[in-house]
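A look at the structure
The lines below spell out each chain.
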Amino acid sequence: MSDKKNELKEYAGGWITERQGTEVPGFLKVAFPIIGLGCVSYFIFFMNGEVNHEDRGPLVQKMNQATTSADGLMYFVAALALIFVVTVVLFAIRKSDHHE
């Protein structure tokens, strides 16, 4: 009595279980881009530290002066993170469109 729609699929070593044929919930379709873009934005805005903070800002500025900047590498990492966010969102949208 095995029904295709009732078969369970496991991902990530059993940490994620999915019933075959189900679609991605709507809140996740919204949550993935909001959380992902928020993380990428935070990374870009604070890649050199919180230089304008009232207490630790001067210390962060001194640390930035003592070390070299790696803005190019940081933008590259941010671009990779953005590509990952777009990929996850596209996967979620496509996954919900294909009913098996």
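The written sequence of each chain sets the order in which its residues are numbered from 1. Local features are withheld for residues below a pLDDT of 70 in this predicted model, meaning they are given only at 70 or higher, and side-chain atom pairs are given and counted only at 80 or more; totals for whole chains, interfaces and linings count all residues. Values shown for side chains rest on all heavy atoms present in the structure; no hydrogens or waters enter the calculation.

**Looking at the pattern of salt bridges**
- Basic side-chain nitrogens of Lys or Arg form a salt bridge, by our definition, when they fall within 4 Å of a carboxyl oxygen of Asp or Glu. All told, the structure shown has one salt bridge when counted by the stated rule.
- A salt bridge links Glu50 to Arg56; the shortest N-O distance between them is 3.0 Å.

**As for the environment of Gly26**
- Looking at the secondary structure, you find Gly26 in helix 1 (residues 26–45).
- According to the relative accessible area criterion, Gly26 is partly exposed, its value standing at 45%. Numbering goes from the N terminus for both helices and strands, where a helix is a DSSP run of H or I of at least four residues and a strand is a run of E of at least two. Relative accessibility decides the category of a residue: with a 1.4 Å probe and only protein chains considered, values under 20% of the type maximum give buried, values over 50% give exposed, and everything between is partly exposed.

**Some points on the pairing of strand 1 (residues 8–11)**
- Strand pairing follows a simple DSSP-based rule, namely that at least 2 bridges must link the two strands. The sheet contact formed by strand 1 and strand 2 (residues 16–19) spans four bridges and is antiparallel. For Leu8, the partnering residue across the bridge sits in strand 2 and is Arg19.

**A few points about helix 1**
- Residue count minus one, scaled by 1.5 Å, sets the expected span of a helix. Between its terminal C-alpha atoms helix 1 stretches 29 Å, which fits the 28 Å expected from 20 residues at 1.5 Å a residue.
- Listed as buried for helix 1 are Ala31, Gly36 and Val40. All buried residues of helix 1 lie within an arc of 145 degrees about the axis, which places them on one face of the element. Opposite the buried face of helix 1, at more than 90 degrees from it, the exposed residues are Phe27, Ile34, Tyr42 and Phe45. The arc in question is traced by the directions running from the helix axis to the C-beta atoms.

**Section: the environment of Glu18**
- Looking at the element boundaries, Glu18 is found in strand 2.
- For the pair Glu18 and Leu8, spaced ten residues apart in sequence, the C-alpha separation works out to 5.6 Å.

**Structural notes on a nonpolar patch on the surface**
- Together, Leu73, Phe76, Val77, Leu80 and Ile83 make up an exposed nonpolar region whose accessible area comes to about 480 Å².
- With respect to the element layout, Leu73 can be found in helix 3 (residues 71–97). A residue counts toward a patch only above 30% relative accessible area and without a salt bridge, and it is joined to like-charged neighbours within 9 Å or, for Val, Leu, Ile, Met, Phe, Trp and Tyr, to nonpolar neighbours within 5 Å. Calculation of accessible area relied on Shrake-Rupley with a 1.4 Å probe; when residues are assessed, cover is drawn exclusively from the protein chains displayed.

Read these as geometric descriptors, not functional statements.
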